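Observations on the three-dimensional arrangement
One-letter residues, chain by chain:
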Amino acid sequence: MKKREAYFKLTYGIYLVSCAHKDESNAYIANTVFQVSSKPEKFAISCHKENYSSNLIEHGKAFGVSVLQKDTPLEFIQRYGYQSAATKPKSGQLNYKLGVTGVPIVYDYTVAWFECQVEQKVDVGTHWLFIGEVVDYGLLSSSEEVLDYKFYREHHKAASPSKAPTYVAEESESATVEEADLKSYACAICEYIYHPSRGDAARGISAGTSFDDLPDDWVCPVCGAGKMLFTESSATT
Ligand code: FE
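Reference entry: report on the structure contained in this document. (Residues numbered from 1 in each chain as written. Predicted model: local features only at pLDDT ≥ 70, side-chain atom pairs only at ≥ 80, totals over all residues. Heavy atoms only, no water.)

1. Remarks on the sheet that holds strand β3 (residues 33-38)
Condition: The pairing criterion is simple: DSSP has to find at least two bridges between the two strands. Strands are runs of DSSP state E lasting at least 2 residues, helices are runs of H or I lasting at least 4, and numbering of each runs from the N terminus. Axes here refer to lines fitted to C-alpha atoms; in helices the fit is confined to the stretch in contact. Angles between the N-to-C directions go from 0 to 180 degrees. Any two residues having at least one pair of non-hydrogen atoms within 4.5 Å are treated as being in contact.
One open sheet holds the seven strands; their spatial order is β2-β1-β5-β8-β9-β4-β3, and the pairing between them is antiparallel. Strands at the two margins of the open sheet, each flanked by one partner only, are β2 (24-30) and β3. Taking each pair of neighbouring strands and ignoring which way they run, the sheet shows an average axis angle of 30°. Inspection of the sheet shows β3 paired to strand β4 (residues 41-48) by five bridges, in the antiparallel sense. Note on β4: the bridge partner recorded for Phe-34 is Ala-44. Of the strands in this sheet, β1 (15-21), β2, β4, β5 (62-68), β8 (110-123) and β9 (127-139) touch helix α2 (residues 52-60), which is tilted by about 120° from β2. Of the strands in this sheet, β1, β2 and β5 touch helix α3 (residues 74-81), which is tilted by about 125° from β2.

2. Regarding the environment of Ser-210
One can find Ser-210 in the loop between β11 (193-194) and β12 (230-233). Once residues within four sequence positions are removed from consideration, Ser-210 is found in contact with Leu-182, Tyr-194 and Pro-196.

3. Re the nonpolar core
What counts here: Take the buried residues of types Ala, Val, Leu, Ile, Met, Phe, Trp, Tyr and Cys, join any two whose side-chain atoms come within 4.5 Å, and each joined set is a nonpolar core. The buried label goes to any residue with under 20% of its type's maximum accessible area, the exposed label to any with over 50%, and the partly exposed label to all in between, with areas taken from a 1.4 Å probe on protein chains only.
Of all hydrophobic cores here, the largest spans 32 residues; its most connected members are Tyr-82, Tyr-152, Cys-187, Tyr-192, Cys-220 and Phe-230. When near neighbours in sequence (up to four residues on either side) are disregarded, Cys-187 contacts Tyr-192, Cys-220, Cys-223, Ala-225, Leu-229 and Phe-230. Counting residues in each nonpolar core, the second largest holds 20 residues, with Val-17, Phe-43, Ala-112 and Cys-116 among its members.

4. Quick look at unusual backbone geometry
Of the consecutive residues Lys-39 and Pro-40, the connecting peptide bond is found in the cis state with omega at 0°. Looking at the secondary structure, you find Pro-40 in the loop between β3 and β4. Located in the positive-phi region is Lys-22, a residue other than glycine, with phi close to 55°. Take Lys-22: it is sitting in the loop between β1 and β2. By relative accessible area, which is 76% here, Lys-22 ends up exposed. Positioned with a positive phi, Glu-191 is a non-glycine residue whose angle comes to about 75°. Here Glu-191 is to be found in the loop between β10 (184-187) and β11.

Next comes the structure, spelled out in C-alpha cells:
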C-alpha cells in the first residue's frame, strides 16, 4: 500500500512559528497551522512534545505565525526547520518586532503574520496541539505568492523531518545487499542517514548504491541538502 503517496495528497502551507518565554525565544518551520474558528478567530498549531519550542509556547502562552513567500530560500528553511535550538543555536539575524504578547513577529520572507494568545493545549500523541486566539495580524504583501508544502516538496525535493506532525516514514525497502563495506553517511543539517543497503527508492537509487556512487545532484530526501553536507556515519540501522 502506498501510504506515503496517499499522505502526500494532503496539502499544507509552510510557516515560521515564533515563540518566547522570559529571555528565551525561538522560531521554527511548521506546516500545521490552521484557522479553526471564525468567531472568535482562533488558530491551532501542532508542535512535537520534545521540541524546544513546545516548552516556550506552553509557558509563554503565545505564538506568532509568519506566512512565508514562495521563493523563501531553502537555506532559511533548513536553518529553522531541521535544526533544534536545543542542540545547535540557529545562527543568523531575523528581522522582527515584539508583538503585544511578547513573541517575536518575524518579517523575513513574510507575506502576512498573525499573533495568537494560547488558550488550550491538547495532547494528540507525539505532539501538543496549541489553540490560540488571534490578537493581532499584519499583511506585508498583497501580491507575493505563498509557499505551500507541495511546491516545497517537489521543488526542493525535501520532506517533513521526523518530528513534524506530518512526517511519514518511507516504506522500508527490503535490504538486498549486505551492509558489508558500504558506509552510511549522515546529513549535517537534519541528521538523516543514507544507508547504502537501502538506497533511496523514491529517487530511483537502488539498494546497494554506495554514497560515492550517488549522482552529484542527489540531495537529502528530508531537507534537500547536497552531498557535500554529508559526512561518514557509524550508524548501522
Ligand atoms: Fe538533511
